[in-house]
Amino acid sequence: MRAEATQRVALVFTLLDANGNGVLEAEDFALMGDRVVAQAGASTPEAQGRLRASFDRYWTTLVTELDANGDGVISLEEYTACVLTPELFEATIAEFAEALAALGDPDGDGLIERPLFADLMIAIGFRRPNIDHLFDAFEPDADDRIQVRTWVEGIKDYYDPNKAGIPGDHLVAAAVA
Ligand SMILES: [Ca+2]
Ligand SMILES: [Ca+2]
């Protein structure tokens, strides 16, 4: 496992703990879904529902696979174990990535403009400077747009314990600064 992957996972844990009580539970994922959907007003109800469902699935997968002490919530220690068994999360992360990236492309042209990308990432809890570094690393076109596919792959890479030196590392660097 790469140290960068551990840092990425630790950052996501703090963001996913939407109610800030130090552990992950179903409420966190409902809150996160509300926050993200609130920035996706141009998307269809179906697209918004898909995002919420992907968060629900994310939580269900976590509590099914990682609740080592069986207390019904996921601690940071339990969460970081996800990097040891990435194959258990691959499909869940892929669906989350597709659902989130789709919210970035409400008109369905396959492209995501920076302002909406930033709104969605801020809703998740990332910081604006880090978000801009990430967007730049995705190599936007002359109209400052990235491909939906690029973001989907970027999210998957972020959760890949064997990846380092990827665009997603900009999110961690920004969080430390
Ligand atoms: Ca929590
Ligand atoms: Ca637990």
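Reading the values: the criteria
Residues numbered from 1 in each chain as written. Chains lettered and ligands numbered in written order. Predicted model: local features only at pLDDT ≥ 70, side-chain atom pairs only at ≥ 80, totals over all residues. Helix = DSSP H or I, 4+ residues; strand = E, 2+ residues; numbered from the N terminus. Buried ≥ 20, exposed ≤ 12 C-beta atoms within 10 Å, placed from the backbone. Axes fitted to C-alpha atoms, helices over the stretch in contact; angles between N-to-C directions. Parallel < 35°, antiparallel > 145°, perpendicular 65-115°, else oblique. Left-handed = near helix turned anticlockwise from the far one by under 90°. Contact = placed C-beta atoms within 7 Å. Nonpolar A, V, L, I, M, F, W, Y, C, P; charged D, E, K, R; others polar.

If you check an unreviewed UniProt entry, the protein chain appears there as Calcium-binding protein from Streptomyces griseoviridis.

(A) Looking closely at unusual backbone geometry. Look at Glu-139: it is not a glycine, yet its phi comes out positive at around 55°. By the secondary structure assignment, Glu-139 is in the loop between helix H7 (128–137) and strand E2 (145–147). With 10 C-beta atoms counted inside 10 Å, the residue Glu-139 sits in the exposed group. Of note in this structure, Asp-144 is not a glycine but carries a positive phi near 60°. Along the chain, Asp-144 falls in the loop between H7 and E2.

(B) Quick look at the packing of helix H6 (residues 114–124) against H7. It is the contact of H6 with H7, at a shortest axis distance of 10 Å, that shows an interaxial angle of 130°. Classed by the angle they form, the pair H6 and H7 counts as oblique. When the axes of H6 and H7 are compared, the crossing they make is right-handed. Within the contact between the two elements, H6 uses Arg-114, Phe-117, Ala-118, Met-121 and Ile-122 and H7 uses Arg-128, Ile-131 and Phe-135. Split by residue class, the contact of H6 with H7 holds 6 nonpolar, no polar and 2 charged.

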